[in-house]
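Structure at a glance
Residue strings, one per chain:
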Amino acid sequence: DRKNSGQSGSGKKKIAYVTNGVASFWTIAAAGVKAGGEKFGVDAETLMPVEGISDQKRMIEDLLTRGVDGIAVSPIDPANQTDLLNIAAKRAKLITHDSDAPESERLMYIGMDNYKAGRMCGDLVREALPKGGSVMIFIGRLEQDNSKRRRQGVIDAILGRPENPANFDPPGEVLEANGYKILGTLTDQFDRAKGKANAEDTLAKHPDVSCMVGLFGYNPPLLLEALGQANKLGQVKVVAFDEDDATLAGIVKGTVHGTVVQNPYMYGFKSVEILAEITKGNASVIPATKFIDIPARQIRQANVEEFWADLKSKLGTK
Amino acid sequence: MKKIFGITGLLIVVCIITALASESFLSGYNLENLVRRTALFGIISIGVAFVIVTGGIDLSIGSVVCLVGCGLPWMLKTYHLPLPVALAVVAAVSVGIGLLHGLIITKLRIQPFVVTLCGLMMYRGITRGFTRDQTFGFGSNYDGLRVLSTGNIPLPFIKGFAIPAPWITLLVVAVLAAIFLNRTIWGRYLFALGRNEEAARYSGINTDRMVILAYVISSTLAGLGGVLFVLDVNSAQPVDFGNVYELYAIAAAVLGGCSLRGGEGSIIGVIVGAALMQVLRNMIMLTTTRTNIEFAIIGAVILLGVIADELVKRYAVRRRAAKALAAGQS
Amino acid sequence: MKKIFGITGLLIVVCIITALASESFLSGYNLENLVRRTALFGIISIGVAFVIVTGGIDLSIGSVVCLVGCGLPWMLKTYHLPLPVALAVVAAVSVGIGLLHGLIITKLRIQPFVVTLCGLMMYRGITRGFTRDQTFGFGSNYDGLRVLSTGNIPLPFIKGFAIPAPWITLLVVAVLAAIFLNRTIWGRYLFALGRNEEAARYSGINTDRMVILAYVISSTLAGLGGVLFVLDVNSAQPVDFGNVYELYAIAAAVLGGCSLRGGEGSIIGVIVGAALMQVLRNMIMLTTTRTNIEFAIIGAVILLGVIADELVKRYAVRRRAAKALAAGQS
Amino acid sequence: MSAPLLEVRKFTKSFPGVRALRGVSFTLSRGEVLAVIGENGAGKSTLMKILAGVQRQDGGELFLEGECIEIRSVHDALARGIALIHQELNLADNLDVAANIFLGREPHCAGIIDARRLRREARQFLDAVGLDIDPSVLVRTLPIGKQQLVEIAKALSTNARVLIMDEPTSSLSSHEAENLFAVIRDLRKRGVSIVYISHRLGEVKELADRVTVLRDGENAGELAHEEIDHARMVKFMVGRDLSQFYPHQPHTPGALALEVRALRTPANPQHEVSFSVRAGEIVGIAGLVGAGRTELVETIFGVTPALGGSIRIGGVEMVPQSPLDAIAAGLALVPEDRKQQGIVLGMSVRENVSLASLRRDQRHGFLNRSREAQLSAQMIADLRIKTPHDGQAAQFLSGGNQQKVVLGKWLALEPRVLLLDEPTRGIDVGAKQEIYRLMEELAGRGVAIVFVSSEMEEILGMSDRTLVMHEGRIAGELQRTELSEESVLHLATGTHSRATLS
Ligand SMILES: Nc1ncnc2c1ncn2[C@@H]1O[C@H](COP(=O)(O)OP(=O)(O)OP(=O)(O)O)[C@@H](O)[C@H]1O
Ligand SMILES: Nc1ncnc2c1ncn2[C@@H]1O[C@H](COP(=O)(O)OP(=O)(O)OP(=O)(O)O)[C@@H](O)[C@H]1O
Ligand SMILES: [Mg+2]
Ligand SMILES: [Mg+2]
């Protein structure tokens, strides 16, 4: 019964790219997936679960039913999804991207280290506030592994702690060290109105806040909205993550100090490339480390124009 | 009026407590934010109140907010439509959705819960389809339009607080809605049919037409809310924009004295209900650092408030009865 | 029975279409998945059906699923409670929640929508509080327990398809529920009070106790569902675990013939309704690549199905009346 | 004579399983009071609903002033000057009295209601029906009899040419009914035509210019003014003579079955009520609308727990806190408001009949279906409930048949003390007699019966002893020998007070 026909009418290999949610970050990755599919001659498709982990499970199960040759997954809770991933690994070629599941039988991992990227972001904060100051962190959710690590990286870098990705500071605690004070971490569960309200309430509660850090792609634009309405643009520093248009525009204008960008396009593109090769029987593309690093980069006013132009060309927008 | 006494009291108590616990609460900036949020949620809550008065329900509000909120910037950006055209399309779609709901509910006699639940699923799904899950916003264009949501109207003689523009919209909507509901024959018809549709029909009222009207008002105000929300936030992601707003709207309406059995409701109550929800969220943000239990606190406060209200009412009734008894015996 | 004719027809049509469009649909693996999902959602839908029969509503189901689903692994991991103790706590909490809802609704006469909406907010908020927004799962422990959700019971003579364990649980729950509703006096009481609570009270029915019972059944089955869901998924995030499951459950119940006005409902119908939702989602995954419009399609199919059902019924009534007329005239 | 104002020709109407009208015709002249009578389920209400635009006929024609017309909606009917007072109350009880009276016809200017005019005009119509209440009180707070008067005021306010009244007096006492008759006579003088449906044949005789009788959806006969008498009407309706309408025989009362001492009801906490009933005795409670009779029996039955006093049932002291308690003690109550408290409209006849006795007949919690079927078959036969089968939903029965179903439910319980609140409301003569016979039979078997009634004849004909209530207290007690219309009315209107005989 395990007929993995896996052949579409055209005889092309089928590859699925499963994300951990829906976000503009993933729509960039989807562009990479599409480009990869065309370039390497496979049917590549992006799937974004809406309802978290049970939805992701359902999607993967149904993909296996439908018969795909290769799957790239960004597991939401890697520690507890081993079973599911192992089933997937038996029925198709499985790799992970964005977030790894080292205990599973996945073939390899494509992505970056969120903790390190977080530290890069923390360094930007120190740059923006050379004399120290108070910082509030904004993020969509804290339960995902990548968001926990990213946030921890930011905190550790700001406070000048040594690298320790396993660390976790509870979100409600105020942390202080060598002139920097972290006021807290606010989540919004992807409700943008709530995200903006978080920023506004922070400005009300801490009128003297010196820097706001938005760690999910949509957070920095919301920070800019709130600051704009409070007439505090430029007065309160903003440090960002990801490459929302409003964020990049803010860097150009100087209202955002800088942002750390991953390379979602490359996540998608590279995942398809690797899976295309493996499914065609060429396992040599898997490195010995089972890890392909797609490093994050810091974008500041100096390099923003060039980055933005490149991004637009990849996405096919003007 | 008596109906909203309890909830108004609760709102005042929460405000006083918050003001005592956090000095930022009464700052002009915070008040402006609160008023703006209350206005935005108040508008969609007033819409759903009309439907609730008829004994129906509208679960599609959040999805209409999503459709309109994402659709407007999408049209402007993808098709470069002139603004008035885009706004007209948005208005037509909102009205059309209400019309569709109303027609299916009255002519085909399908339960409002089912019809609008399907609406909840469809409109967000459609939005995700045409936007291809992309986020849309206005960037730094259309600032003139955005004043509708983000603008502040300074008050003479008062410094540090200006009236947020959406409040004016809310005021207009609320005054019209209150006049409509309480002073016109159509409002009277809505109340009558909400309690006893047969009685209304036997009195020669075209009940179907009135029910359709209520759904049109609901989705039109949801559409207006959607526009104002996206103008405020300046970014809309189809997957979550406006998600569960129908619950907030219904909760505000019910807190404000609307009975889901139909035939009861007051516009001022709805606004007070919407304000209570926003003040509670604000209170938690300003006074604690454990913001993740926010909803636990909101839920508990509302529940306790409603219970207290009920107990006070009962006590009053019992006292009146005891008085009457005493008077009789003496 | 006639009530669920339409929905069962719709389910069959959707199955046939999907089977024609995708050969994988009828594979053992896919059927196992479908049956398992239907069983899980069926259990919580049966629970809410009891409440709907009384004319009430339970919006807290998704949050109870969250509380239980996150709470069970949290207790096991954080306090290393013995499994039976942890399960007992979970059961007590589920029953307690239903009791609380029922008491507030009957003794304090607060609308079920309000009470359970507060529940919806509170239980998730509380879960987020005690888990500190962390994800919990069983890792690779408790595999014995997880068999309840992930196990398959092989059939004699049939290869390639084994009955998923939750189906057995569903079957037990459904048979008990159907017997209770249709064969016992208490089931009859629920139907009677759902249609006319006052008349039921005048007939010597302890309506309060019956309503409380309905809410207890609802939240107990939600708790059972929560346990099975987390055993199945093996990971639960407080923020979204079980989110909007109350809507799925209510939709399944209503599709299956429960009227939100109370006094109507059938257990088989509810299961068919739950299956329809799952098959629709499966169909979209198997046959299209535009999965983001999934809900648009589900919403549209349900709406069209319900409308078609209604039209067919009307046609049948008209034909019968015409026949009666003809018979009378001849 | 010119063409009649209204003419109905060969109306037919079918419902699934039922042919309600099979070619009914009648005419109505200007300024005429036409009584339409017939057994329960004869098709009277259906016929009138068609005229009022609530339902459409399957076949037949309607002429208004000689012109063939079709009535498409209630609005249409009202526009043509046809108004109907429905058999069941149809008020929006969340609105005030004035709003209900003018619902759909509010005086307004560009949609804005002229509230002052509304109240003023409402006042006028309330006065016409003799209802002395503030037009701005909520309908919800009125007892059912007053709600009925509001319905009548509402119909009057339409200034219709054809006013159809479907059992307008069914929950009125003779006092209010007299008032209504005066209104009707006045309307007739002003040229308004009235169709009057009632099961109270005394009223028909008093009012009607002509009587049309329906039987099984067909015309059964017509009586001109001078032919109208009780025997003829009954003969046309039932198809046979009914002799000795009230089968009353003197009873020999047994032990005390129900003793009420110093009871204070929540509605009238300032008064104490005391009385007692013996086994085998039939005690009537008379009084005007709003006298507190319903409150009294409901308090005894535990619907609204008493504020003070004591109740002894069969010698055992217990104050019921709920109907469940009361039933367990051997009480039963046929409530006044059948739509709200009596019947579960969506359930079948069988399920309604068995509802109160399920607990008694259960088998370890399981339904006893054969017993259920047997009970309902028995009640359908005993009470002559007109229904295609016992699985028919109660909502599709005619009003009188619904009332029989409610009665059946309580008779099935075989109580020791039977409380009846307006038990024959809307029930036809034949069935009424059946019910009286049943009451006699039950009393003969030692059941204590208390019945509240607004129908004077019934009180006079059936009770061994009569309690008369006035404004929340028992104004007096009349033995059978003292019973007369005058003595009851004196006590009920408070014009004459006499000490309670104990
Ligand atoms: N909507 C309906 N569906 C099915 N049957 C109906 C419906 N309405 C009325 N009937 C049936 O039609 C017949 C006539 O009913 P109708 O109400 O006209 O009687 P009626 O003469 O007014 O009786 P009553 O004196 O009891 O009020 C009855 O047998 C009743 O059961
Ligand atoms: N729940 C209540 N609370 C307060 N007053 C009430 C309540 N129910 C009834 N009343 C009042 O008590 C009085 C007695 O009402 P009740 O219905 O018992 O009268 P009744 O004699 O049975 O009249 P009817 O013939 O109209 O039924 C009325 O004036 C009514 O307004
Ligand atoms: Mg009738
Ligand atoms: Mg009464």
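Let us look at the structure shown here. Source: prediction; values computed, not measured. (Residues numbered from 1 in each chain as written. Chains lettered and ligands numbered in written order. Predicted model: local features only at pLDDT ≥ 70, side-chain atom pairs only at ≥ 80, totals over all residues. Heavy atoms only, no water.)

A few words on the overall build of chain B. Helices and strands together make up the secondary structure of chain B, namely 13 helices and two strands. Taken over C-alpha atoms, the radius of gyration comes to 21 Å for chain B, in line with the 20 Å a tight globule of 330 residues would show. Dimensions of chain B, computed from the C-alpha atoms along their principal axes, are close to 80 × 55 × 40 Å. Evaluated residue by residue, chain B yields a buried proportion of 63% over its 330 residues. Once local pairs closer than 6 in sequence are excluded, the contacts in chain B between residues at least 24 apart make up 75%. Positive and negative side-chain charges of chain B, numbering 26 and 15 respectively, have mean locations separated by a distance of 7 Å. (Helix = DSSP H or I, 4+ residues; strand = E, 2+ residues; numbered from the N terminus. Rg over C-alpha atoms; globule rule 2.2 N^0.38 Å. Buried < 20%, exposed > 50% of the residue type's maximum accessible area, 1.4 Å probe, protein only. Contact = heavy atoms within 4.5 Å. Lys, Arg positive; Asp, Glu negative; His and termini not counted. Charge placed at Lys NZ, Arg CZ, Asp CG, Glu CD.)

In this section: the coordination of the magnesium ion (ligand 3). Working reference: metal with six octahedral donors, ideal angles 90 or 180 degrees; metal with four tetrahedral donors, ideal angle 109.5 degrees. All names here are of chain D. The coordination sphere of the magnesium ion (ligand 3), as far as protein atoms go, consists of Ser45 (OG) and Gln87 (OE1), spread over 1.9 to 2.1 Å. Here Gln87 lies in the loop between strand S6 (82-85) and helix H3 (97-101) and Ser45 lies in helix H1 (residues 44-51), a separation of 42 residues in the sequence. Accessibility assignment for this pair places Ser45 and Gln87 in one class, buried. (Donors = N, O, S within 2.8 Å, 3.2 Å for Na, K, Ca; no water.)

Moving on: the relation of the copies chain B and chain C. One copy of the chain maps onto the second through a rotation around an axis plus a translation along that axis. Rotating chain B by 180° about the axis while translating it 0.0 Å along that axis superimposes it on chain C, leaving an RMSD of 0.2 Å. In the structure described here, the two chain copies are related by an operation that fits a two-fold rotation axis. Minimal C-alpha separation from the rotation axis in chain B is found for Val244 of chain B, amounting to 4.5 Å. When the interface residues of chain B are mapped onto chain C, 100% of them again lie at the interface, so the same face is used by both copies. (Least-squares fit on C-alpha atoms with pLDDT ≥ 70 in both.)

A separate point is the packing of aromatic side chains. For the structure shown, the criterion picks out 32 aromatic pairs over all chains. Note on Tyr265 of chain A and Phe269 of chain A: the rings are 6.3 Å apart at their centroids and 10° apart in plane angle, and the pair reads as stacked. Here Tyr265 of chain A pairs with Phe269 of chain A, and both are found in helix H9 (residues 264-279), just four residues apart, close to one helical turn. Owing to a relative accessible area of 13%, Tyr265 of chain A belongs among the buried residues under this scheme. For Phe269 of chain A, a relative accessible area of 14% puts it in the buried group. An angle of 15° between the planes, with centres 6.2 Å apart, marks the rings of Phe180 of chain B and Trp186 of chain B as stacked. Members of the aromatic cluster, joined through ring pairs, are Phe41, Phe229, Tyr245, Tyr248 and Phe295 of chain B. One cation-aromatic arrangement involves Arg91 of chain A over Tyr29 of chain C; the distance from NZ or CZ to the ring centre is 3.8 Å. (Phe/Tyr/Trp six-rings, centres within 6.5 Å; stacked < 30°, edge-to-face > 60°. Lys NZ or Arg CZ within 6 Å of the ring centre and 35° of its normal.)

Moving on to the nonpolar core. Ile46 and Phe50 of chain B together with Ile46 and Phe50 of chain C are the most contacted members of the largest nonpolar core, which has 348 residues in total. A per-element tally of this core places helix H2 (residues 28-53) of chain B first, with 14 residues. Counting only domains with at least three residues in this core, you end up with domain 1 (6-238) and domain 2 (256-493) of chain D. Beyond its immediate sequence surroundings of up to four residues, Ile46 of chain B is in contact with Leu170, Val173, Ala174, Ala177, Leu221, Ile267, Val270 and Ile271 of chain B. Among the nonpolar cores identified, the runner-up in size contains 95 residues, and Ala257, Ala286, Leu397 and Leu419 of chain D belong to it. (Core = buried A, V, L, I, M, F, W, Y, C linked by side-chain atoms within 4.5 Å. Domains from an automatic or database assignment.)

Contacts between chain D and chain C engage 35 residues on the former and 23 residues on the latter. Of the roughly 2600 Å² buried between chain D and chain C on both sides combined, carbon and sulfur atoms contribute 59%. If you sort the residues of chain D by the area they bury against chain C, Gln341, Leu355 and Leu367 of chain D come out on top, with a joint share of 18%. Between the two partners, chain D and chain C, sit two salt bridges. (Buried area = accessible area lost by both parts, 1.4 Å probe. Salt bridge = Lys/Arg side-chain N within 4 Å of Asp/Glu carboxyl O.)

This part covers a negative patch on the surface. All names here are of chain D. A cluster of acidic residues, Glu178, Glu457, Glu485 and Glu486, forms a negative patch at the surface. Structurally, Glu178 can be placed in helix H6 (residues 174-189). A residue is classified by how much of its surface remains accessible, and Glu178, at 38% relative accessible area, is partly exposed. (Patch = residues over 30% accessible without salt bridge, like charges linked within 9 Å, V, L, I, M, F, W, Y side chains within 5 Å. Areas by Shrake-Rupley, 256 points an atom, 1.4 Å probe, with all protein chains shown as cover.)

Function-wise, these values are silent; they only describe arrangement.
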